[in-house]
Amino acid sequence: MDPFGTLAATVVPLRLANVDTDQLQPGRFLRKPRSDGYDNYLFHDLRRNEDGSMREDFPLNQPQYQSAEILVADRNFGGGSSREGAVYALADAGFRCVIAASFGDIFRSNCAKNGVLPVELPIEAIERIWEMAEADPSAPLTVDLATQTVRLANDPETFGFEIDPFVKECLMEGKDDIDLTLAHSETLSTFERSYGQDFPWLTPTG
Amino acid sequence: MTEQLTLFEKIWRAHTVTARDDGQTLLWIDRHLCHEGSFHAFEKLAMSGRKVRRPDLTFSIADHYVPTRNREVGPDEPEIATMIRLLDEHSRTNGIRQFGLGDPEQGIVHVVGPELGLTQPGIMLVCGDSHTSTHGAFGALAFGIGASEVSHVLATQTLWQKRPRTMRITVDGQLGPHVTAKDLILSVIARIGADGAAGHVIEYAGEAIRGLSMEARMTVCNMSIEAGGRAGMIAPDDTTISWLKGRRYMPKGDDWEAAVAFWRGLKTDEGAVFDREVRLHADEIAPTVTWGTSPEHALPVTAAVPDPSGEANEGRRTTFEKAVDYMGLTPGAPLDGLRVDRVFIGSCTNARIEDLRAAAAILKDRSTKVPTMIVPGSTMVKRQAEQEGLDRIFTGAGAEWLESGCSMCAATNGDMVPPGERCASTTNRNFRGRQGPGSRTHLMSPAMAAAAAVTGTITDVRKLAEG
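These numbers come from a predicted model, not from an experiment.

What counts, and where the lines are drawn
- Residues numbered from 1 in each chain as written.
- Chains lettered and ligands numbered in written order.
- Predicted model: local features only at pLDDT ≥ 70, side-chain atom pairs only at ≥ 80, totals over all residues.
- Heavy atoms only, no water.
- UniProt positions renumbered as here; feature names shortened; annotations may be inferred.
- Helix = DSSP H or I, 4+ residues; strand = E, 2+ residues; numbered from the N terminus.
- 1 Å grid on protein atoms, 1.4 Å probe; cavity = no way out; pocket = protein on both sides within 12 Å on 5 of 7 lines; lining within 4 Å.
- Points joined across faces, edges and corners; volume = space filled by probe spheres on them.
- Domains from an automatic or database assignment.
- Pairing = 2+ DSSP bridges.
- Axes fitted to C-alpha atoms, helices over the stretch in contact; angles between N-to-C directions.
- Contact = heavy atoms within 4.5 Å.

A. Molecular detail of the UniProt feature "domain: Aconitase A/isopropylmalate dehydratase small subunit swivel" (unreviewed entry) in chain A. According to UniProt, the "domain: Aconitase A/isopropylmalate dehydratase small subunit swivel" (unreviewed entry) feature falls on residues 3-122 of chain A. Annotated as residues 3-122 of chain A, this span is 18% helix and 17% strand, and its ends, taken at the C-alpha atoms, are 26 Å apart.

Quick look at the structure:
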């Protein structure tokens with residue numbers, strides 16, 4: 001996983017609330033191997049008309065947003081199913097950061113495991129970013145993980161965001177959390193032994 | 001003075017292996033359930049050269065991709081066959097007990113886990129599926145995780161988590177006739193929103209919750225995720241203990257006695273503080289249906305389709321307009337009487353024996369007007385329903401009685417609602433396209449879905465049941 005430092009990139013504005021993970025990757029593509037490139041499935045149904053042609057009014061289809069690496073949406077982004085494919089689809093399409101007014105918990109956690117930074121901002125800040133990206137699609141947004149700030153182009157104001165320190169560390173260092181856990185091997189083995197003694201009925205014997 | 005703890009806090013503490021200064025906690029996992037969708041995680045594990053640390057605590061069950069019309073995957077579905085074969089291979093390679101396609105105990109993972117007694121009070125249980133919150137009905141801390149976390153659990157039998165906030169939802173009084181757990185949880189979601197419990201673990205309490213059977217409690221906890229909750233839980237009581245007794249993986253003899261003694265202490269202490277409290281009265285809850293494309297778009301069946309132009313908030317107005325348009329609805333039209341094209345009774349939310357009995361009570365001596373699929377939650381539920389003669393009521397009414405699996409809820413096995421069709425469904429998600437591209441889903445209880453099957457329209461079940 002690539003470490004995440006500062007990202008200065010353009011934005012695709014998605015003025016939608018409740019974008020669930022079924023929209024990010026419809027269920028019928030969950031069986032596909034990752035090697036297919038999950039970007040093919042990103043918003044597969046939302047971005048198409050009934051006849052299968054691409055919708056011109058869907059921001060991700062518009063030429064001015066093709067190089068965007070930051071997606072900015074309304075509240076409850078990534079709710080629903082735990083499918084990590086929803087994040088693979090974003091990552092494979094080149095997104096490094098998703099900004100929303102609120103997130104589904106499992107999606108948020110899946111993002112961080114794949115080097116995609118989830119940033120929660122108040123809706124007022126999101127409105128400002130949408131307006132910027134709609135007025136000038138080439139205007140960059142700067143997301144700095146170290147200082148936990150988001151800065152708009154040509155705007156003196158910066159917006160701070162909260163992130164769990166552990167998630168921040170994993171993202172900034174591109175760490176695999178299994179390695180991190182295995183550093184606690186001894187503590188874990190001790191726990192496992194005493195736990196097994198305290199709760200003997202939890203070892204399955206069916 | 002002793003510390004006053006919530007049920008959640010007691011379980012969290014007992015499972016803490018180590019905690020960092022920043023609050024991140026490494027938690028021990030008692031049970032890990034896998035399904036066909038876990039293939040990404042198994043591949044990740046194999047690539048890293050790691051092994052499953054505790055295969056004896058890991059169980060795999062085929063549910064998302066299994067065919068429901070028979071137990072053979074057709075030659076025209078090679079990708080589905082691969083998904084089922086991969087689970088089989090990964091289970092064998094890693095020494096994991098599997099309940100695969102054709103196993104007499106196969107079924108939906110969240111139905112089978114409790115049935116087999118793999119789910120127990122006080123445990124931490126995870127699965128790569130968001131509806132893992134179901135198992136909280138037994139007083140377990142259970143939640144869905146992504147593929148990376150599944151591979152972490154496989155490798156270490158632990159998981160890093162930040163301590164969530166706590167929310168107590170108290171439902172006073174008793175549910176009225178023909179008002180069910182599904183109506184209760186849809187009403188909760190409508191009240192607090194689809195992200196209302198984000199970052200929280202919910203504990204359900206109050207007289208109405210205590211009065212629910214285990215099946216009904218599972219329906220409530222199952223849809224905690226639809227309110228954004230990390231997990232939902234209900235403290236174990238006599239109902240829980242008598243439901244679990246004698247199940248395959250339950251402790252036996254002295255172990256059983258010790259376990260029960262421990263479970264009796266698994267409740268929130270008087271005076272313990274929650275980060276948020278929500279209170280409802282059961283009297284306020286009517287048979288409920290969803291009209292839109294989020295579970296928060298739920299209303300009593302006696303209500304009308306909302307008029308988006310009446311919404312003052314612009315974001316909300318846009319969302320409502322899109323939902324009304326996608327669902328093909330007329331603002332202001334009554335929900336009761338809205339024509340449906342088909343009915344689906346199934347899923348980890350509502351396909352247990354009680355759900356099937358409730359549907360059968362409505363379908364008995366009546367005929368379905370629209371295509372109706374009934375998919376039992378597990379193969380054991382199927383057998384029990386057949387012993388009770390429910391299958392004959394269903395087929396006699398013209399419904400299809402099928403094999404167990406996720407079927408038309410996840411719509412990953414090929415069972416789909418055709419584009420533009422409206423489906424009365426006992427499932428958990430009415431998202432755009434959830435039941436197939438262009439599908440229109442209305443969530444409701446099994447009795448309400450059966451009433452819709454009989455009339456071909458969304459119908460207040462109380463009229464049929466009492467008429």
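After that view of the structure, there is still more to cover.
B. Structural detail: empty space enclosed by the protein. Counted according to the given criterion, the structure contains three cavities of 30 Å³ or more. As a volume, the largest cavity reaches approximately 430 Å³. Every residue lining the largest cavity is counted, 36 residues in all, and those nearest its centre are A:S81, B:H35, B:H64, B:G128 and B:D129. For the lining of the largest cavity, the secondary structure elements donating two or more residues are helix 2 (39-47) and helix 5 (147-156) of chain B. Among the elements that make up the lining of the largest cavity, the one with the highest residue count is helix 2 of chain B (three residues). Here the lining of the largest cavity gathers at least three residues from each of two domains, domain 1 (7-164 + 238-261) and domain 3 (290-466) of chain B. Estimates place the volume of the second largest cavity at around 180 Å³. Every residue lining the second largest cavity is counted, 21 residues in all, and those nearest its centre are A:N76, A:G79, A:G80, B:A194 and B:I225.

C. Expanded view of the sheet that holds strand 8 (residues 158-161) of chain B. All names here are of chain B. If you walk across this open sheet you meet the three strands as 1-2-8, and the pairing is antiparallel. The sheet is open, and its two edges are formed by strand 1 (16-19) and strand 8, each paired on a single side. When strand polarity is set aside, the average angle formed by the axes of neighbouring strands in this sheet is 20°. In this structure, strand 2 (residues 25-28) lies alongside strand 8, joined through four bridges in antiparallel fashion. Looking at the pairing, T25 lines up with Q161 of strand 8. Across the sheet, helix 1 (residues 7-14) is in contact with strand 1, strand 2 and strand 8; its angle to strand 1 comes to roughly 85°. Across the sheet, helix 5 touches strand 2 and strand 8, and the angle it forms with strand 8 is around 135°.

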